[in-house]
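So the chains spell out like this:
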2 protein chains.
Amino acid sequence: MSTHPTGRNAALADVQPAGPEPAVAAPAASHRVAAFLREAILSGEIAPGERIRQEDVAERIGGSRLPVREAVRMLEAEGLIEYETNKGARVPVLGMREVDLIYQMRERLEPLALIESIPRLTDAHFDELGDIQAQIEQGVDVASFLQLDRRFHLLTYSLCEFDALTSMVIRLWNATQHHRRMFMALIGSGQRWVVNAEHNLLLESLRRRDAVDAERYLQGHIRRTRIELSRHPEVFDRT
Amino acid sequence: MSTHPTGRNAALADVQPAGPEPAVAAPAASHRVAAFLREAILSGEIAPGERIRQEDVAERIGGSRLPVREAVRMLEAEGLIEYETNKGARVPVLGMREVDLIYQMRERLEPLALIESIPRLTDAHFDELGDIQAQIEQGVDVASFLQLDRRFHLLTYSLCEFDALTSMVIRLWNATQHHRRMFMALIGSGQRWVVNAEHNLLLESLRRRDAVDAERYLQGHIRRTRIELSRHPEVFDRT
DNA sequence: TTGAGAGATATTGGATCCATTGGAGGCTTC
DNA sequence: GAAGCCTCCAATGGATCCAATATCTCTCAA
């Protein structure tokens, strides 16, 4: 197992193993609540369309409603929840066209993050990426695949040092997390060899530090997934 | 004077003349505070690096600190302010590389918004765009130019109905507002004929509904501005 | 049976209070 | 005179209270 490369980007901390704890101030409670809600939404514990009651969250967190309110405002600005005055927050229900557009945004933005990251990637990163890909190829279950795939891609962007870009990329991933899970559960591991081929081609071009090839493979990877998704409208069924 | 086209996108409401007031709920105070702060930052009233004290804002708004705190969280998530726990909020100071990257993000995202918008644009929009461009060509001052230029571009995106995209575009504009103002003040109206040419080419391709040409002109317009900006490092001097 | 309306309940919006933290300024000490 | 420490003040973090709004429910009448 390779040593874990050190990340530079705070927004990508979740794909970076926690090194020795840096002397950074503890985040305010509102940030912890936001992280808690983010996780609950991404894991599917809170489903799209479901309402989020501030008091419930406050109780589960063990605090007052105030940090929850701040967290809700943050997630609202992130686009992870919808908010109506006096009516509260709920997880948005995205249709196919919206998800398709988010994938188009990813097609355009993620290559940029990759290009910024490539020159700084180290052998340790390539080893780690290889390890992740090896795990994926062992045929893991859907939940593990989603986690490893996310980790794989975000790791390739991890040395892009621009928070405005990396946080945007993460938000786009987050916004479609639910649909990705539905989609993978639907197709199972059927087409997973395509993903493996694409990941390996991408990784190979990264090792060569060939930004042109890497951008092409990455964009194709996202684009193919987008088109595949559009062929499965049942993913967007609101039942 | 053309009638003002009706916009569909809430995020672009600021470039759409306010029609008959829709029966929409009054925004919560936190949103009004956020709009107030946004305007203060974009206008330069609050300069980059300057600290924002919650009590001051609450006093100017005539409310308590609570809505201000929520607004600060929103603007933090928007990237318009930086926040440190227990230390408060301040307007970030962006360096040349960061602004350059934001322009690269714009190069990739704004054509997407334009492509989505083009099929729905009406003659009324083209007339309005022509009016704006005519005003620009009369040689207005820097402040008016910035306002008209913003209005011109955002109007071309106004019929893109995806909030995730349009709000992102607006945030990218907002993030570099200060540098755009510095830059324009620096070069005066010297190179403005280039902008005029680009705007007219873009507008012409829009009238033809030629998405390919429009995307090319728009991307070139942003890219040229980015490179021009990179030739004026004095815009980023922190004095 | 169903629809409308009034009242009850639940939830969010805002203000105020107190605790905690950061920082400025003065003081001591070497 | 400068570095380090301590104290005080200012600003933020969080909890609780009350008001305003929305939502649910029960009743009553068509």
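Conventions we followed
Residues numbered from 1 in each chain as written. Chains lettered and ligands numbered in written order. Predicted model: local features only at pLDDT ≥ 70, side-chain atom pairs only at ≥ 80, totals over all residues. Heavy atoms only, no water. Helix = DSSP H or I, 4+ residues; strand = E, 2+ residues; numbered from the N terminus. Buried < 20%, exposed > 50% of the residue type's maximum accessible area, 1.4 Å probe, protein only. Contact = heavy atoms within 4.5 Å. Areas by Shrake-Rupley, 256 points an atom, 1.4 Å probe, with all protein chains shown as cover. Buried area = accessible area lost by both parts, 1.4 Å probe. Salt bridge = Lys/Arg side-chain N within 4 Å of Asp/Glu carboxyl O. Near = heavy atom within 4 Å. Polar contact = N/O pair within 3.5 Å; in protein donor to acceptor, adjacent residues only side chain to side chain. Nonpolar A, V, L, I, M, F, W, Y, C, P; charged D, E, K, R; others polar. Core = buried A, V, L, I, M, F, W, Y, C linked by side-chain atoms within 4.5 Å. Expected span 1.5 Å × (residues − 1). Phe/Tyr/Trp six-rings, centres within 6.5 Å; stacked < 30°, edge-to-face > 60°. Lys NZ or Arg CZ within 6 Å of the ring centre and 35° of its normal. Pairing = 2+ DSSP bridges. Least-squares fit on C-alpha atoms with pLDDT ≥ 70 in both. Axes fitted to C-alpha atoms, helices over the stretch in contact; angles between N-to-C directions. Parallel < 35°, antiparallel > 145°, perpendicular 65-115°, else oblique. Left-handed = near helix turned anticlockwise from the far one by under 90°.

Draft legend 1. A look at the overall build of chain A. Check the secondary structure of chain A and you find 10 helices and three strands. Across chain A, helices and strands are ordered from the amino to the carboxyl terminus as α-β-α-α-β-β-α-α-α-α-α-α-α. Counting all 239 residues of chain A, 49% fall into the buried class. When contacts within chain A are restricted to residue pairs at least 6 apart in sequence, long-range pairs at least 24 apart make up 76% of them. Counting only carbon and sulfur atoms, one obtains 50% of the accessible surface of chain A, whose full area is about 11,300 Å².

Draft legend 2. Molecular detail of the interface of chain A and chain B. Taken together, the contact pairs 32 residues of chain A with 32 residues of chain B. For the pairing of chain A and chain B, the buried interface totals around 3,100 Å² over both sides, and the portion due to carbon and sulfur atoms is 61%. The largest per-residue losses of area from chain A upon contact with chain B belong to Arg-73, Leu-101 and Arg-108 of chain A, which jointly make up 23% of the total buried on that side. Taken together, the links from chain A to chain B amount to 10 salt bridges. The shortest N-O distance in the salt bridge between Glu-215 of chain B and Arg-108 of chain A comes to 3.3 Å. Put simply, the parts of the chain that give the side of chain A that touches chain B at least two residues each are α1 (29-42), α3 (65-78), α4 (96-117) and α7 (163-175) of chain A. The element contributing the most residues to the side of chain A that touches chain B is α4 of chain A, with 11 residues.

Draft legend 3. Local environment of the protein's contact with DNA strand D. Close to DNA strand D lie 16 residues, the nearest being Ala-29, Ser-64 and Lys-87 of chain A together with Arg-69 and Tyr-83 of chain B. Here, DNA strand D places atoms within 4 Å of the protein, and 67% of those atoms are sugar or phosphate. Measuring from a base nitrogen of DNA strand D, one finds a side-chain N or O atom of Arg-65 of chain B at 3.1 Å. One nitrogen or oxygen atom from the main chain of Asn-86 of chain B is found 3.3 Å from a phosphate oxygen belonging to DNA strand D. At the level of elements, α3 of chain A together with β1 (51-52) and α3 (65-78) of chain B are the ones that each hand at least two residues to the surface near DNA strand D. Grouping the constituent residues of the surface near DNA strand D by class yields five nonpolar, six polar and five charged.

Draft legend 4. Seen up close, the nonpolar core. Formed by 88 residues in total, the largest nonpolar core has its most connected members in Met-105, Leu-165 and Leu-206 of chain A together with Met-105, Leu-165 and Leu-206 of chain B. When near neighbours in sequence (up to four residues on either side) are disregarded, Met-105 of chain A contacts Met-168 and Leu-172 of chain A together with Leu-109, Leu-112, Ala-164, Leu-165 and Met-168 of chain B.

Draft legend 5. Focus on the pattern of salt bridges. This model, assessed by the stated rule, comprises 40 salt bridges over all chains. Residues joined by salt bridges that share partners form a network here, namely Arg-69, Arg-73 and Glu-76 of chain A together with Glu-70 of chain B.

Draft legend 6. Just the protein's contact with DNA strand C, in detail. Around DNA strand C sit 17 residues in total, of which Arg-53, Arg-69 and Tyr-83 of chain A together with Ala-29 and Ser-64 of chain B are the nearest. The contact atoms of DNA strand C, taken as those within 4 Å of the protein, divide so that sugar and phosphate hold 69%. In this structure, a phosphate oxygen belonging to DNA strand C sits 3.4 Å away from a main-chain N or O atom of Ile-52 of chain A. The contact in question runs from a sugar or linking oxygen of DNA strand C to an N or O atom on the side chain of Asn-86 of chain B, over 3.3 Å. For the surface near DNA strand C, the secondary-structure elements that each account for two or more residues are β1 (51-52) and α3 of chain A together with α3 of chain B. Looking at the surface near DNA strand C, its residues break down into five nonpolar, seven polar and five charged.

Draft legend 7. Spotlight on helix α10 (residues 211-230) of chain A. All names here are of chain A. Over its 20 residues, α10 extends 28 Å from the first C-alpha to the last, a length consistent with the 28 Å expected when each residue adds 1.5 Å. Looking at α10, one finds that the buried residues are Asp-213, Ala-214, Leu-218, His-221, Ile-222, Thr-225, Arg-226, Glu-228 and Leu-229. Check the buried side of α10 and you find it contacts α4, α6 (142-157), α8 (177-187) and α9 (192-207).

Draft legend 8. Expanded view of the packing of aromatic side chains. Applying the stated criterion to the full structure yields zero aromatic pairs over all chains. The side chain of Arg-192 of chain A reaches across the aromatic face of Phe-145 of chain A, ending 4.5 Å from its centre. Over the ring of Tyr-83 of chain B we find Arg-73 of chain B; its NZ or CZ atom is 4.7 Å from the centre of that ring.

Draft legend 9. Looking closely at the sheet that holds β1 of chain B. Taken together, three strands build an open sheet; the order of strands is β1-β3-β2 (chain B) and the sheet is antiparallel. The two strands at the open ends of the sheet, each matched to only one other strand, are β1 and β2 (82-84) of chain B.

Draft legend 10. Expanded view of the relation of the copies chain A and chain B. Once chain A has been moved 0.0 Å along the axis and rotated by 180 degrees, it coincides with chain B to within an RMSD of 0.1 Å. Here the copies are linked by what is in effect a two-fold axis. When the interface residues of chain A are mapped onto chain B, 100% of them again fall at the interface, so both copies present the same face.

Draft legend 11. Just α3 of chain B, in detail. Residue and element names in this part refer to chain B. The terminal C-alpha atoms of α3, which comprises 14 residues, lie 20 Å apart, in line with the 20 Å expected from a rise of 1.5 Å per residue. For α3, the tally of buried residues reaches 11 of 14 residues, placing the bulk of the element in the interior. Of all the positions in α3, only Pro-67, Val-68, Glu-70, Ala-71, Val-72, Arg-73, Met-74, Leu-75, Glu-76, Ala-77 and Glu-78 are classed as buried. Of the residues that open α3, the one with a side-chain oxygen 3.3 Å from the backbone nitrogen of Leu-66 is Ser-64.

Draft legend 12. Just the packing of α6 of chain A against α8 of chain A, in detail. Residue and element names in this part refer to chain A. It is the contact of α6 with α8, at a shortest axis distance of 10 Å, that shows an interaxial angle of 130 degrees. It follows that α6 is oblique to α8 by the angle criterion. Considering only the axes of α6 and α8, their crossing is right-handed. Along the contact surface, α6 presents Val-142, Phe-145, Leu-146 and Arg-150, while α8 presents Gln-177, Arg-180, Arg-181, Met-184 and Ala-185. Along the lines of polarity and charge, the residues of the contact of α6 with α8 split into five nonpolar, one polar and three charged.

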